[in-house]
Number of protein chains: 2
Amino acid sequence: MDRRSFFKKAGVVGAGAVATTALAAPAIAQANPKITWRIASSFPKSLDTIYGGGETLSKMVSEATEGNFTLQVFAAGELVPGLQALDAAQNGTVEACHTVAYYYTGKAKTWALGAAVPFALNPRGMNAWLYHGDRGGEGSQRGIDVLNEFYHKNGVHGLPCGNTGTQMGGWFRKEIKTVADLQGLKMRIAGVAGDIMGKLGVVPQQLAGGDVYPALERGTIDAAEWVGPYDDEKLGFVKVAPNYYYPGFWEGGPTVNMFFNQAKWDSLPEHYKSLLQTACQAADADMLQKYDYLNTRAIRTLVSQGAKLQPFSKEIMDAAFKASNEYYAEQSAQSEDFKKIWDAIIKFRAEYFLWTQIADSQFDTYMMQQQRAGTLKVDG
Amino acid sequence: MDRRSFFKKAGVVGAGAVATTALAAPAIAQANPKITWRIASSFPKSLDTIYGGGETLSKMVSEATEGNFTLQVFAAGELVPGLQALDAAQNGTVEACHTVAYYYTGKAKTWALGAAVPFALNPRGMNAWLYHGDRGGEGSQRGIDVLNEFYHKNGVHGLPCGNTGTQMGGWFRKEIKTVADLQGLKMRIAGVAGDIMGKLGVVPQQLAGGDVYPALERGTIDAAEWVGPYDDEKLGFVKVAPNYYYPGFWEGGPTVNMFFNQAKWDSLPEHYKSLLQTACQAADADMLQKYDYLNTRAIRTLVSQGAKLQPFSKEIMDAAFKASNEYYAEQSAQSEDFKKIWDAIIKFRAEYFLWTQIADSQFDTYMMQQQRAGTLKVDG
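Attention in this report is confined to the structure presented alongside it. Nothing here was measured: the structure is a model prediction, and the numbers come from that model.

A word on the nonpolar core
Right, on to step 1. Core analysis: the largest hydrophobic core is formed by 260 residues, its most contacted members being Trp 129 of chain A together with Trp 129 of chain B.
Right, on to step 2. Among residues more than four places away in sequence, those in contact with Trp 129 of chain A are Leu 121, Asp 134, Arg 142, Gly 143, Leu 147, Ile 341, Ala 344, Ile 345 and Phe 348 of chain A.

This is the structure:
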């Protein structure tokens, strides 16, 4: 808050020079300074969960500062195209963006690691690594800090701000049973996932959200992945490509990212930085909570609309896992940034998927068995 | 902040009447008022994850207000015994407490529903219900709001502030294979879980954390459940009762609770209420993230120390599930509060454990298979 707006708000009219002189800096420093930032979102408003993560953050920050720290969220295309949100934050067109880092693998494949890559972590694993680190001991670092070493070289400070849960594998016009069925298949799938599916014979296509449905309908593409049931229902894919596969093994626990222009981040008062960290962690949790709530309903609706729900075959999963490991070795050989971050992820991954087999998996499996047996049913 | 401290802090000395007159209320209302609250924790400092949730909250709130809103966390026994933290918040001895609601089933069984009861939700399911609600439609309510109808009748406002993940089933001196093996078994297990295990023949024992190890060692008790690997390692149970069972089906996704004295909560400025909500949601996520990180290491250590890791038999799980359903019917018949909250939970539960079978479970299963096959291994 500058001095002029302080006085204006304080209702000091005509008190003039004396009051101005009397007010020393400490009183101003104590208050929450007036700051307005613009956030470029990569998402359209219609996708209220993923776009809504930015709004949730904005509300938390505004309320905690009595409206003094304002984050104005602009939907994809309002200020800049959705897939250029990071560029806008890097060059200072906006102070920050709400996006998914894997949209920017055109700049460097390393970007994808802060969001999701095939066969990495699930949502809880990703967050355990991001917020607390790898296996501890000498040199152990939080994932957030490992990633920021890379982000800082690229002019932004990054914080997790959303997670969609494990995504679905997408909508296919025809059934896909074998790797042979993937040959020449034109699929809307981006970034590293697209590269790896390319190794299996898929021809990856980059299409913005709004263009996917018409392309599927016309048969310009054969398949498309988006997020999960709640968003997929809105986009109406079931009508034109009813084979609905799972899991989206390329997005086991995708993080949605906030990137702050580095100079703008550095210029923030410390208490605003801390508030943003807290609010991003809360908004991150909130997005997954909202998806988990909404997807439970949407999956039933989609099946009732004709979705043919089926898992990818073991042949396809195994081929994709093998191709992914080859890809990670190639990228790690080419890029030190990639290697450092990927090594940190897989160091935690091996331990994490041991622990998940015990209490969590056993409990969930028992409850899912009850669900199938119909013993969790509620009348009405 | 009152007017006097404002001037003192602003360094206004001797400027006198003019400045005082010139400063209207809005300038003061803008600042973050100085408030110091005491939080009674139910946990000892040595359990740095669960006790640490209170400290995490305190740090977030203090930093965001430049130290003006201070939450002083007191470990169990420092102000009041750990299991009387709620009473202290209710009667205003402290402004708030950080505890687990199921410690208070002596007051009413309904308290347990805001933390964990057997065969309810897992961590993600619990949070989806708490923060977003049941299946939507007419009368749909967030779990937090459903619970607060009950809490408000009891003089407190409640917010989730931590989750441990699905807990372990505990440490047993002897192997437990059948329901017959449970007859007369003296087990440290509390609340509703104790009642239900009682239906299977267990003799439940209430013991504070520090008393469990010596009781197990002497054989005064035959078994004890606590939380999970990280805390269990600290408490050393493996040395005296090495049979380590899973899952803790009575705590699929236990919420750790903050309860605020109702009058104190109501007296807070709106922006502090909002900040507490945001920080509690962030601290809630953070505790699970920390457990997920630390448990991955501890489980290996415990096995290397001789823990005999094994799942509860289907016979025991099925008998406990049946006993739980009987118990819920009994409690729902006796208490409208219990019935309303439990109905809201199970309405969501049936849908949730359908959705989890698809993308999340399929991805996790594949990754756990890879872990078992050794393909996630990292050299060194």
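Section: the sheet that holds strand E8 (residues 223-224) of chain A
Residues and elements named next belong to chain A.
Right, on to step 1. In spatial order, the strands read E7-E6-E8-E5-E9-E11; together these six strands make up an open sheet with mixed pairing. Two strands in the sheet have a free side with no partner beyond their single neighbour: strand E7 (203-205) and strand E11 (308-311).
Right, on to step 2. Bridge count between strand E5 (residues 170-172) and strand E9 (residues 243-246): three bridges; the pairing is antiparallel. By the bridge assignment for E9, Trp 171 is matched with Tyr 244.

Re helix H9 (residues 209-218) of chain B
All names here are of chain B.
Right, on to step 1. Turning to H9, its buried residues are Val 212, Ala 215 and Leu 216. The arc that holds the buried residues of H9, viewed along the axis, is 100 degrees, so those residues lie on one side. When the buried face of H9 is taken as reference, the exposed residues oriented beyond 90 degrees from it are Gly 210 and Arg 218.
Right, on to step 2. Elements in contact with the buried residues of H9: strand E6 (186-188) and strand E8 (223-224).
Right, on to step 3. Residue Gly 219 follows H9 closely and has a positive phi angle near 85 degrees.

A short note on the interface of chain A and chain B
Interface extent is often summarised as the accessible area lost during association of the parts.
Right, on to step 1. Listed per partner, the contact involves 99 residues of chain A and 97 residues of chain B.
Right, on to step 2. In total, about 8900 Å² of surface goes out of reach between chain A and chain B, with carbon and sulfur atoms giving 64% of it.
Right, on to step 3. On inspection of chain A and its partner chain B, the count reaches four salt bridges.
Right, on to step 4. There are 25 residue pairs in polar contact (both at pLDDT 80 or more) connecting chain A and chain B.
Right, on to step 5. Here the side of chain A that touches chain B takes 19 residues from helix H12 (residues 270-304) of chain A, the largest share from any one element.
Right, on to step 6. A class-by-class count of the residues in the side of chain A that touches chain B yields 53 nonpolar, 28 polar and 18 charged.

Here's the deal with the environment of Thr 110 of chain B
All names here are of chain B.
Right, on to step 1. Note that Thr 110 resides in the loop between strand E3 (96-99) and helix H6 (123-132).
Right, on to step 2. Separated by 19 residues in sequence, Thr 110 and Trp 129 have C-alpha atoms that sit 17 Å apart.
Right, on to step 3. If near-sequence neighbours (up to four positions away) are discounted, Thr 110 is found in contact with Phe 150, Ser 335, Asp 337, Phe 338 and Ile 341.

Here we look at unusual backbone geometry
All names here are of chain A.
Right, on to step 1. Residue Pro 247 is reached from Tyr 246 by a cis peptide bond, and omega for that bond is -5 degrees.
Right, on to step 2. Structurally, Pro 247 can be placed in the loop between E9 and strand E10 (255-261).
Right, on to step 3. Residue Glu 66 is not a glycine yet carries a positive backbone phi of 55 degrees.
Right, on to step 4. The topology assignment puts Glu 66 in the loop between helix H4 (52-64) and strand E2 (69-74).
Right, on to step 5. Phi is positive for Phe 119, close to 55 degrees, though the residue is something other than glycine.

Focus: the pattern of salt bridges
Right, on to step 1. As enumerated under the stated definition, the model contains 36 salt bridges over all chains in all.
Right, on to step 2. For Asp 292 of chain B, the salt bridge is made with Arg 124 of chain A, and the minimal N-O distance between the two is 2.8 Å. Remark: Arg 124 of chain A occurs in helix H6 (residues 123-132) and Asp 292 of chain B occurs in helix H12 (residues 270-304); the pair is interchain, linking two chains.
Right, on to step 3. Under the relative-accessibility criterion, Arg 124 of chain A is labelled buried at 14%.
Right, on to step 4. Here Lys 199 of chain B ties to Glu 330 of chain B by a salt bridge, and the two come within 2.8 Å at their closest N and O atoms. Of the two residues, Lys 199 of chain B is situated in helix H8 (residues 191-199) and Glu 330 of chain B in helix H13 (residues 314-334); the sequence distance between them amounts to 131 residues.
Right, on to step 5. Of the residues examined, Lys 199 of chain B reaches a relative accessible area of 36% and is grouped as partly exposed.
Right, on to step 6. Among the charged side chains, a salt-bridge network with shared partners connects Asp 48, Lys 234 and Lys 290 of chain A.

Analysis parameters
Residues numbered from 1 in each chain as written. Chains lettered and ligands numbered in written order. Predicted model: local features only at pLDDT ≥ 70, side-chain atom pairs only at ≥ 80, totals over all residues. Heavy atoms only, no water. Core = buried A, V, L, I, M, F, W, Y, C linked by side-chain atoms within 4.5 Å. Buried < 20%, exposed > 50% of the residue type's maximum accessible area, 1.4 Å probe, protein only. Contact = heavy atoms within 4.5 Å. Pairing = 2+ DSSP bridges. Helix = DSSP H or I, 4+ residues; strand = E, 2+ residues; numbered from the N terminus. Arc of directions from axis to C-beta. Buried area = accessible area lost by both parts, 1.4 Å probe. Salt bridge = Lys/Arg side-chain N within 4 Å of Asp/Glu carboxyl O. Polar contact = N/O pair within 3.5 Å; in protein donor to acceptor, adjacent residues only side chain to side chain. Nonpolar A, V, L, I, M, F, W, Y, C, P; charged D, E, K, R; others polar.

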